[in-house]
Amino acid sequence: MTKSDTGKKLALSDEILLSIDKPARYLGNEINAVYKDKDQVDVRFCMCFPDVYEIGMSHLGIQILYDMFNQREDVWCERVYSPWVDLDRVLRERRIPLFALESQDPVRDFDFLGITLQYEMCYTNVLQVLDLSGIPLSAAERTWEDPIVIGGGPCAVNPEPLAEFFDLFYIGEGETSYFALIDAYKEVRETGGNRQEFLERAAGIPGIYVPSFYEISYHEDGTIASMEPVNPHAPRKVEKQVVADLTHTYYPKKPLVPFIKATQDRVVLEIQRGCIRGCRFCQAGMLYRPTRERSLKMLKEAALQMLESTGHEEISLSSLSSSDYSQLPELVNFLIDTFGNKGVNISLPSLRIDAFSLDVMGKVQDVRKSSLTFAPEAGSQRLRDVINKGLTEEVILEGAGQAFEGGWSKVKLYFMLGLPTETEEDQKGIAHLAEKIARRYYEIPKERRNGKCQITVSTSFFVPKPFTPFQWARMCTREEFLEKAHTVNAEIKEQLNRKSIRYNWHEADVTVLEGIFARGDRRVAKALRLAYEKGCLFDSWTEHFHNELWLAAFEEAGVDTDFYTTRKRELGEVFPWDFIDIGVTRKFLQREWERAHEGKVTPNCLAGCQGCGAARWHTGVCPGSTPADIQEGGEQA
Amino acid sequence: MKIRIKFRKYGVMKFIGHLDIMRYFQKAIRRAGIDICYSAGFSPHMIMSFASPLGVGLTSDGEYLDIEIGNELSSASAVHRLNAVMAEGVEVLSFRRIPDEKASNAMSLVAAADYEVRFRDPDVLPENYAKAWDSFCSQDAILITKKTKKGERELDLKPLLYQASLGQDADGAPVIFLRLSSGSADNVKPELVLEAFGAHAGFSLPEFALLIHRKELYANSGTTEEPHFVSLEALGEEF
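Residues numbered from 1 in each chain as written. Chains lettered and ligands numbered in written order. Predicted model: local features only at pLDDT ≥ 70, side-chain atom pairs only at ≥ 80, totals over all residues. Heavy atoms only, no water.

**Some details on the overall build of chain A**
Definition in use: The secondary structure listing takes helices from DSSP runs of H or I that are at least 4 residues long and strands from runs of E that are at least 2 residues long, numbered from the N terminus. Put simply, the radius of gyration uses C-alpha atoms, and a globule should come to 2.2 Å times the residue count raised to 0.38. We call two residues in contact when some of their heavy atoms are within 4.5 Å. Note that accessible areas follow from Shrake-Rupley with a 1.4 Å probe, and for residues the cover is restricted to the protein chains shown. Neither His nor the chain ends contribute to the count of charged residues, in which Lys and Arg are positive and Asp and Glu negative. By convention, the point assigned to a charge is CZ for Arg, NZ for Lys, CD for Glu and CG for Asp.
Counting secondary structure elements, chain A contains 21 helices and 19 strands. At 25 Å, chain A has a C-alpha radius of gyration in line with the 26 Å of a compact globule built from 637 residues. For the C-alpha atoms alone, the extent of chain A along its principal axes is close to 75 × 65 × 55 Å. A sequence separation of at least 24 residues applies to 77% of the contacts in chain A between residues at least 6 apart. Split by element, the accessible area of chain A, about 24600 Å² in all, is 49% carbon and sulfur. The average position of the 76 basic charges and that of the 95 acidic charges among the side chains of chain A differ by 4 Å.

Here is the structure:
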């Protein structure tokens, strides 16, 4: 070896790394990656995003937890992502165990394997990561020698389809209870305890769910009769964890910078968590209640530090409905003033289109190239009222009009098909709204226009999600979904400005699968395992999605998929996720479900508390709490 | 002012391809607080160009990029700040001022490159490899067929091979030293020479057989007939 060929050890040989796509996915060594001496730490935690590296590296949650864990001297947190299909094959053929990026040590040697569950279509990849690591897929078969496998993230609010494969789930925001869990683990290890004792200790920590400590019984019609704790340490209800003060908590000042281009190749500044709007289809809007802001001061400091420590050339604000952040103009103007002439792009997704946002976007983007985004979600005002989406046609046309006058000519529109109570008129309304926007564009005199306008209409298919007012809703069949898309398509093609409108719709098969797992129970796990064994992997990647294998898996497992998707739930039905206390009460969700059918809109949290239940945390936007900037010491912009 | 940065690339960084190394340096320059200049226009980009892309899997002691900057304290300060923000596997060796004229651009100057070639498994070589090497080098012409975009063409490697010698590592393993024509006109990769050697000596190289290390990049301050090679670094001055 040459003297220059020293450095970090690698789990894979040169031959393997040179014969697979993007070897940088498997090297670690990124800027701001954390290296420790494994003999000097007590707990080794491997954090996993079960998708390809470029997707996983773009996820803010992992960066927050990675930074948080590594602040503890006794913990070394490393990362692992799903090996892409090329390396997957090599690892299996050569029996190389899956390894963590930093130490390049096998994942099975770790104390914890934490897997974030961001979307249902990553579930086969969860099994892949366990399998390639050499960790038994079933939690019941693991020993004290295996890592403790813990799941978290939004899909953990209905963990039941994955219950068999996990030792623990963390329900809610990771910043609050993880250290208690680590301490409990250390104590059980130090006192010579066993795996069962640790799981019992864990069950007593707020937000921790130990699936093996519960038993489920079913009615004859297949619905759940009861879910009972069968271990005295297991609580009847597991309470979602909420960060009370988002200003004084963990936030990575030195985020990881990958060598290859990740999906998010930029600094991500999470300005707030939660959303005041209360759209009835939106799971995130319910899960992250109450809406909490980070202080302007903290965000300014974080932006400076993160840009300096990463060298990124772009910063993006992140949150649901960013326009609702109370000090948005101050923050955005600060970013423009501070970084605008330093070659740093400022990206502002999820802004409501109005005079302020158009002014700001005009400063930070090339108007001719950039596009405006509206998410009316439904094609008619009636249906928008049903889903409680406050956006009106007047507001959209007004915003689009202002933008067109300002030089923009590209518009993106997002809708959902298959929403409760939707009719053919609602579907056609999507086409009509796009047509009205196009007409508004052509009202501008030709000499002031920037060529033709380009309106892109995208529809996804609605999946009812747990802990939303629509959790009782029937989901459409694949055929119904496609028929709706064809109706929209045909209507667009009939219109005068059809050449200015492009229409895309989402895959129906994947949507159905998503629906099964979103509201599934423990009985769908068998089909998941079978599908994985048949070769399903990377299901969110169109080119790797094999619906026929999934259909065969459900058939073989004896799982009636309609039971989970197209069946309408009775109001009193016990749901698989009912043991979780998400903060928003079932009573509130039911009231919203009923108001949806009456076409009544519900005001947002700022307009007046609607009593959803989240106020019991006394934080954020809820009545009786202290706003972020006052907590910060009355700092003014 | 125009600056030439020399760096070495080793260890795990050899798996990071050229485009990603460019992105890496853009971010590193920001982290180090180098006062780099940007192009005009709505989406300005850093004024930065690399001398010669290094293939994935190769290590190097002589990589170069040119940048344009505003103010800078000294060469030493810039090197220090850059190395403070490098990933393991990239080390900045020098940061020198180069003449302002267009012709001084590293990419257009590259005329030759030094390589050391080792064998992952020396047993791929025939037993009489040393003799075969001498006979290979003493040919009047080394004819190979080079695949181009338009098809195949015959090429004589001999005039493009400025130096070639066979030596040994401390542990007795064979090392081949090559100085090859490089750059936009006649770019010869070391693999090409080793393939030709294999063809001459009657052996073939399996995939990944070679460990290639680039040592230096040169400009030609002489003529085509009588070249005089100076390292790209030597064309710049410390400040």
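**Observations regarding the interface of chain B and chain A**
Rules: Buried area: the accessible area, evaluated with a 1.4 Å probe, that two parts lose upon being put together, summed over both parts. Counted as salt bridges are all cases of a side-chain nitrogen of Lys or Arg within 4 Å of a carboxyl oxygen of Asp or Glu.
On the side of chain A, 37 residues touch chain B, which itself brings 30 residues to the contact. In total, about 2900 Å² of surface goes out of reach between chain B and chain A, with carbon and sulfur atoms giving 59% of it. On the chain B side of the interface with chain A, the three residues burying the most area are B:Phe15, B:Lys27 and B:Arg30, jointly 22% of the side's total. Between A:Asp265 and B:Lys27 there is a salt bridge; the shortest N-O distance is 3.1 Å.

**A look at the packing of helix α16 (residues 508–518) of chain A against helix α18 (residues 547–557) of chain A**
Residues and elements named next belong to chain A. Applied cut-off: Axis geometry follows a simple rule: fit a line to the C-alpha atoms, using only the stretch in contact for helices, then measure angles between N-to-C directions, giving values from 0 to 180 degrees. It is the rotation of the near helix from the far one that decides the hand of a crossing: anticlockwise by less than a right angle makes it left-handed, clockwise makes it right-handed. Each residue is assigned to one class: nonpolar for Ala, Val, Leu, Ile, Met, Phe, Trp, Tyr, Cys and Pro, charged for Asp, Glu, Lys and Arg, and polar for all the others, Gly among them.
With their axes 11 Å apart at the nearest point, α16 and α18 run at an angle of 35° to one another. Read as a crossing pair, α16 and α18 show a hand that is left-handed. Facing α16, whose interface residues are Asp509, Leu513, Ile516 and Phe517, α18 presents Asn547, Trp550 and Phe554. Split into classes, the residues belonging to the contact of α16 with α18 amount to 5 nonpolar, 1 polar and 1 charged.

**What about empty space enclosed by the protein?**
Residues and elements named next belong to chain A. For clarity, the cut-off: For each structure, a 1 Å grid was placed over the protein atoms alone; sets of points admitting a 1.4 Å probe that cannot get out are labelled cavities, open sets with protein on both sides within 12 Å along at least five of seven lines are labelled pockets, and lining residues have an atom within 4 Å of a point. Grid points are joined across faces, edges and corners, and a volume is the space filled by probe spheres set on the points. Bear in mind that the domain bounds are from an automatic or database domain assignment.
Considering all chains together, one arrives at 9 cavities of 30 Å³ or more under this definition. Looking at the largest cavity, its volume works out to about 160 Å³. Around the largest cavity, the lining is made up of 16 residues, and of these Met57, Gln63, Pro255, Arg266 and Val268 lie nearest the centre. Looking at the lining of the largest cavity, the elements with two or more residues in it are α3 (60–70) and β10 (267–270). Its residues assigned to classes, the lining of the largest cavity comprises 9 nonpolar, 5 polar and 2 charged. The two domains that each donate at least three residues to the lining of the largest cavity are domain 1 (14–239) and domain 2 (266–348 + 355–364 + 613–637). Empty space within the second largest cavity amounts to approximately 120 Å³. Considering the residues around the second largest cavity, the lining is formed by 14 residues, among which Arg289, Cys605, Cys609, Cys612 and Cys622 are closest to the centre. Its residues assigned to classes, the lining of the second largest cavity comprises 9 nonpolar, 4 polar and 1 charged. Composition of the lining of the second largest cavity by domain shows at least three residues from each of domain 2 (266–348 + 355–364 + 613–637) and domain 3 (349–354 + 365–612).

**Details of the domain arrangement of chain A**
Frequently, the measure chosen for interface size is the accessible area removed from exposure when the parts meet. Residues and elements named next belong to chain A. What counts here: Two N or O atoms count as a polar contact when they lie within 3.5 Å, although within protein this holds only if one can serve as hydrogen donor and the other as acceptor, and sequence-adjacent residues are included solely when both atoms are side-chain atoms.
What the domain assignment reports for chain A is domain 1 (14–239), domain 2 (266–348 + 355–364 + 613–637) and domain 3 (349–354 + 365–612). Placing the centre of domain 1 and that of domain 2 at their C-alpha centroids yields a distance of 30 Å. Tallying the contact residues gives 9 residues for domain 1 and 12 residues for domain 2. Where domain 1 meets domain 2, there are 5 residue pairs in polar contact (both at pLDDT 80 or more). Partitioning the side of domain 1 that touches domain 2 into residue classes produces 5 nonpolar, 1 polar and 3 charged.

**Here we look at the nonpolar core**
Convention followed: For our purposes a nonpolar core is just a set of buried Ala, Val, Leu, Ile, Met, Phe, Trp, Tyr and Cys residues, chained together by side-chain atoms within 4.5 Å. Think of it in three bands: with a 1.4 Å probe and only protein chains considered, a residue is buried below 20% of the maximum accessible area for its type, exposed above 50%, and partly exposed in between.
Ranked by internal contacts, the top residues of the largest apolar core, which has 210 residues, are A:Leu113, A:Phe198, B:Phe25 and B:Ile67. Aside from chain neighbours lying at most four places away, what touches B:Phe25 is B:Phe7, B:Met48, B:Phe50, B:Leu65, B:Met86, B:Val90 and B:Val92. Core analysis: the next-biggest nonpolar cluster, separate from the first, contains 36 residues, B:Val117, B:Leu157, B:Leu194 and B:Leu217 among them.

**Let's talk about the side chain of A:Thr116**
All names here are of chain A. As for its placement among the helices and strands, Thr116 is situated in strand β3 (residues 112–116). Given the relative accessible area of 9%, Thr116 is considered buried. A polar side-chain atom of Thr116 sits 2.8 Å from a polar atom in the side chain of Gln118. Not counting the four nearest positions on each side in its chain, Thr116 is found in contact with Cys48, Phe49, Pro50, His59, Ile62, Gly152 and Gly153.

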